[in-house]
Amino acid sequence: MGLLDGKIAIITGGSRGIGAAIVRKFMNEGASVAFTYRSSSAKADAIVAEFADSADRIIAIQSDASKYDEAESLVNQVIEKFGTVHILVNNAGITKDTLMLRMSEEQWDGVMEVNLKSVFNVTKHVIKPMMKNRLGSIINMSSVVGVFGNAGQANYAASKAGIIGFSKSIAKEVGSRNIRCNAVAPGFIATEMTDELDESTKKAYTDSIPLKRFGQGDDVANMCVFLGSDLSSYISGQVLSVCGAMNT
Ligand code: NAP
């Protein structure tokens, strides 16, 4: 028996990092999983191949989450294959870090479109089937940076703070239909996104984390399993940190 047996999930940005960890955990807990990627088709294919024994429960779809029409087509494809959708994990995200003095309009817009507009795009298209089912869990990947702010990440922090306001509003709007919506706020997690940091920055961050290490994708994926499962059936409208006590 898995915690997500019979549940149908969409996970955006599942080809790498935290999203790939969520895909694997959801598969291992019995969910049917449709995950997206933007360009890493080889990595996406490799994840699908890992689950050859359960090939009927997993599909990888190339879909740019920042594009409204592609989000609509994604949800339609998932409903065609699996019948409905019970869990949405809006995980896709990017950084374009720089100080405000140097930040271009392109760097601002690019981050807002991939990180924040994407959450609107995909949520918009799963709401109807979830309302019909009177069941749903929407999990939006924010960040501790969306709570605290961070120098050099005004665009990223604003997108992640926006996700928190969005999540709380959706929780209030559709709670009466038994749809829950929460934001997860990871601290520093070891993925390709944080690999870009130089060693001295990584050391400074590690020193500032009470648990004295970066988190792993699995640490965040475990929270998503909990939020997707019935174990969290009375938890909605919250920001749940997975940060080794950074956000304390
Ligand atoms: P990552 O390793 O860079 O992976 C990003 C994933 O998002 C990839 O699967 C990528 O697909 C996908 N993606 C990017 N743009 C997309 C788009 N327009 N449409 C669809 N998919 C897209 O990042 P990560 O570290 O796992 O981060 C995952 C989420 O957690 C992000 O929202 C990030 O902001 C958040 N987060 C991360 C940390 C951290 O420390 N790592 C901390 C707090 C929050 P491709 O492989 O095709 O490019």
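It should be emphasised that the depicted structure is a prediction, and the values quoted were computed from it without experimental measurement.

1. Section: the overall build of the chain
Part 1: Helix and strand counts for the chain come out as nine helices and seven strands.
Part 2: Taken along its principal axes, the extent of the C-alpha atoms in the chain is 50 × 35 × 35 Å.
Part 3: Scored against the burial criterion, the 248 residues of the chain give a buried share of 51%.
Part 4: Within the chain, contacts between residues separated by at least 24 positions form 74% of all contacts whose residues are at least 6 apart in sequence.
Part 5: When the accessible surface of the chain is totalled, it reaches about 11600 Å², and 51% of it is carbon and sulfur.
Part 6: Across the chain, 25 positive and 26 negative side-chain charges occur, with their mean positions spaced 6 Å apart.

2. A short note on the state of the cysteines
Part 1: Applying the stated criterion across every chain yields a total of zero disulfides.
Part 2: Lacking any disulfide linkage, Cys224 is separated from the closest cysteine sulfur, that of Cys181, by 12 Å.
Part 3: Looking at the unpaired Cys243, the closest cysteine sulfur is the one in Cys224, lying at 14 Å.

3. With respect to the environment of Thr98
Part 1: Residue position: Thr98 is located in the loop between β4 (87–90) and α4 (105–133).
Part 2: The exposure class assigned to Thr98 is buried, which follows from its relative accessible area of 14%.
Part 3: Placed 33 residues apart in sequence, Thr98 and Met131 show a C-alpha to C-alpha distance of 40 Å.
Part 4: Ignoring sequence-local partners within four residues, the contact set of Thr98 consists of Met103, Gln107, Gly152 and Gln153.

4. A word on the packing of aromatic side chains
Part 1: Under the definition given, this model contains three aromatic pairs.
Part 2: When the centroid spacing of 6.0 Å and the interplanar angle of 20° are considered together, the rings of Tyr68 and Phe120 count as stacked. Remark: Phe120 occurs in helix α4 and Tyr68 occurs in helix α3 (residues 68–82); sequence separation between them is 52 residues.
Part 3: Between Phe188 and Tyr205, the aromatic rings sit 4.0 Å apart at their centres with planes inclined by 20°, giving stacked as the arrangement. Remark: Tyr205 occurs in helix α8 (residues 199–208) and Phe188 occurs in the loop between β6 (179–186) and α7 (192–195); sequence separation between them is 17 residues.

5. Quick notes on the packing of α3 against α4
Axes are the key here: two packed helices are described by the angle between their axes and the distance separating the axes.
Part 1: Following both chains from N to C, one finds α3 and α4 inclined at 35°, their axes separated by 9 Å at the closest point. Seen along the crossing, α3 lies across α4 with a hand that is right-handed. Here Tyr68, Ala71, Glu72, Leu74, Val75 and Ile79 of α3 lie close against α4, whose contacting residues are Lys117, Phe120, Asn121, Val122, Lys124, His125, Val126 and Pro129.
Part 2: Along the lines of polarity and charge, the residues of the contact of α3 with α4 split into nine nonpolar, two polar and three charged.

The rules behind the values
Residues numbered from 1 in each chain as written. Predicted model: local features only at pLDDT ≥ 70, side-chain atom pairs only at ≥ 80, totals over all residues. Heavy atoms only, no water. Helix = DSSP H or I, 4+ residues; strand = E, 2+ residues; numbered from the N terminus. Buried < 20%, exposed > 50% of the residue type's maximum accessible area, 1.4 Å probe, protein only. Contact = heavy atoms within 4.5 Å. Areas by Shrake-Rupley, 256 points an atom, 1.4 Å probe, with all protein chains shown as cover. Lys, Arg positive; Asp, Glu negative; His and termini not counted. Charge placed at Lys NZ, Arg CZ, Asp CG, Glu CD. Disulfide = S-S within 2.5 Å. Phe/Tyr/Trp six-rings, centres within 6.5 Å; stacked < 30°, edge-to-face > 60°. Axes fitted to C-alpha atoms, helices over the stretch in contact; angles between N-to-C directions. Left-handed = near helix turned anticlockwise from the far one by under 90°. Nonpolar A, V, L, I, M, F, W, Y, C, P; charged D, E, K, R; others polar.

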